[in-house]
Amino acid sequence: MDVIRTEDLVKVYLMGEVEVRALDGVSLSIGAGDFVAVMGPSGSGKSTFMNIVGCLDRPTSGRYFLDGVDVSGLGRDARAEIRNGKVGFVFQSFNLLARTSALENVELPLVYSADAQSSRQREEKARRCLRVVGLSGREDHQPSQLSGGQQQRVAIARALINEPKLILADEPTGNLDTKTSEEVMGVFQSLNDEGKTIVVITHETEIAEYAKRIVVFRDGRVVEDRAVAHRRAAHRPVA
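Rules and cut-offs
- Starting afresh in each chain, residues are numbered from 1 along the sequence in its written order.
- Only residues with pLDDT of at least 70 are given local features in this predicted model, and only at 80 or more are side-chain atom pairs given and counted; all residues enter the totals for whole chains, interfaces and linings.
- The basis for the side-chain values is all heavy atoms of the structure; hydrogens and waters are excluded.
- Where helices and strands are cited, they refer to DSSP runs of H or I of at least four residues and of E of at least two residues respectively, numbered from the N terminus.
- We compute the radius of gyration from the C-alpha atoms alone; for a globule the expected value is 2.2 Å times N to the 0.38, where N is the number of residues.
- We call two residues in contact when some of their heavy atoms are within 4.5 Å.
- Residue exposure ignores everything except the shown protein chains as possible cover, and the areas themselves are Shrake-Rupley values with a 1.4 Å probe.
- A residue counts as positive if it is Lys or Arg and as negative if it is Asp or Glu; His and the chain ends are not included.
- Charged groups are reduced to one reference atom each: NZ for lysine, CZ for arginine, CG for aspartic acid, CD for glutamic acid.
- The pairing criterion for strands is at least two bridges between them, as found by DSSP.
- Axis lines are fitted through C-alpha atoms, for helices just across the contact stretch, and the angle between N-to-C directions can take any value from 0 to 180 degrees.
- Burial classes: relative accessible area under 20% of the type maximum marks a residue as buried, over 50% as exposed, and values in between as partly exposed (1.4 Å probe, protein chains only).
- Our arc is simply the arc of the directions from the helix axis toward the C-beta atoms.

S.K.: Is there a simple way to explain the overall build of the chain in this structure?
M.R.: For the chain, the helix and strand inventory stands at seven helices and 10 strands. Taken over the C-alpha trace, the chain has a radius of gyration of 18 Å; the compact-globule value for 239 residues is 18 Å, and the two agree within 12%. Overall size of the chain, expressed as C-alpha extent along the three principal axes, is 50 × 40 × 40 Å. For the chain, contacts bridging at least 24 residues in sequence account for 70% of all contacts bridging at least 6. Only carbon and sulfur atoms are counted for the fraction: they give 45% of the accessible area of the chain, which is about 11500 Å². Charge centroids of the chain, computed over 31 positive and 33 negative side chains, lie 3 Å from each other.

Written as structure tokens, this is what we have:
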């Protein structure tokens, strides 16, 4: 089953009196368990595509199905509910609370979840997610006590906490050096090996080659969609 399916997506922004077509008829399917890197220059439409796929925005026209549900015409509240249950986000800047432990940062989405859970249940799930990304023993560390790569792995653990259908990562290695980037992509590869569907937005060809498939945007359209012939293999990080 497709986790993502778009049909002729169009997104138009008004810049004064000028219409800008950020997306111009994008039809794309991403199956369960796929690992896709989305590339393109600035202004290509990849960020607009990410916002729609992540239920942060909706298209001007066309349809978008997330895990079989047509979300393209839903209002803000309905999109937020689906987004919180089905999408885990990872951002370039980590977005961790500075004076909060790694464990508490990971737990945070559960605090705002409609599925009420006890503090003990939240803690157990957060510990499990930190273990998955190789951070057992770092639960009580605040972000300032962690390296950049460890902070991003906390962010990945937080993205996993609601058991989403899709992990959406926006330039997740943009603030990291080469070695640490490889560790982070190793986490994504391991999660994908376990069946997680992952979409990474990146401008770096080296990062895209850790995925199974590369989709290239230009001028609001998909101009290339290919399997990665020689996929890079990354090592799982050591905490």
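S.K.: Quick question: what am I supposed to make of the sheet that holds strand β7 (residues 166-170) here?
M.R.: Sheet strands pair via backbone hydrogen bonds, and the direction of the pair is either parallel or antiparallel. Within the open sheet, the six strands sit side by side as β6-β7-β8-β3-β9-β10. Their pairing is mixed. Strands at the two margins of the open sheet, each flanked by one partner only, are β6 (87-91) and β10 (221-227). With direction set aside, neighbouring strand axes in the sheet form an average angle of 20 degrees. Pairing of β6 with β7, which is carried by five bridges, proceeds in the parallel orientation.

S.K.: What should I look at first to understand the pairing of β10 in this one?
M.R.: Regular strands place their side chains on alternate faces of the sheet. Two strands pair when backbone bridges link them, and strand β9 (residues 213-218) and β10 are joined in this way by six bridges, in the antiparallel orientation. Within β10, the residue paired with F217 across the bridge is V222. Hairpin remark: β9 followed by β10, antiparallel, with two residues in the connecting loop; positive phi at D219, about 55 degrees.

S.K.: Honestly, helix α2 (residues 76-86) in this entry has me stumped. Any pointers?
M.R.: Note: α-helices contain 3.6 residues per turn, so residues at a spacing of three or four share the same orientation. For α2, the full list of buried residues reads R79, I82 and R83. What you see down the axis of α2 is that its buried residues fit within an arc of 105 degrees, all on one side. The exposed residues of α2 that point more than 90 degrees off its buried face are D77 and E81. Residues of α2 that are buried make contact with β4 (61-66), β5 (69-70) and β6.

Keep in mind these values describe shape, not function.
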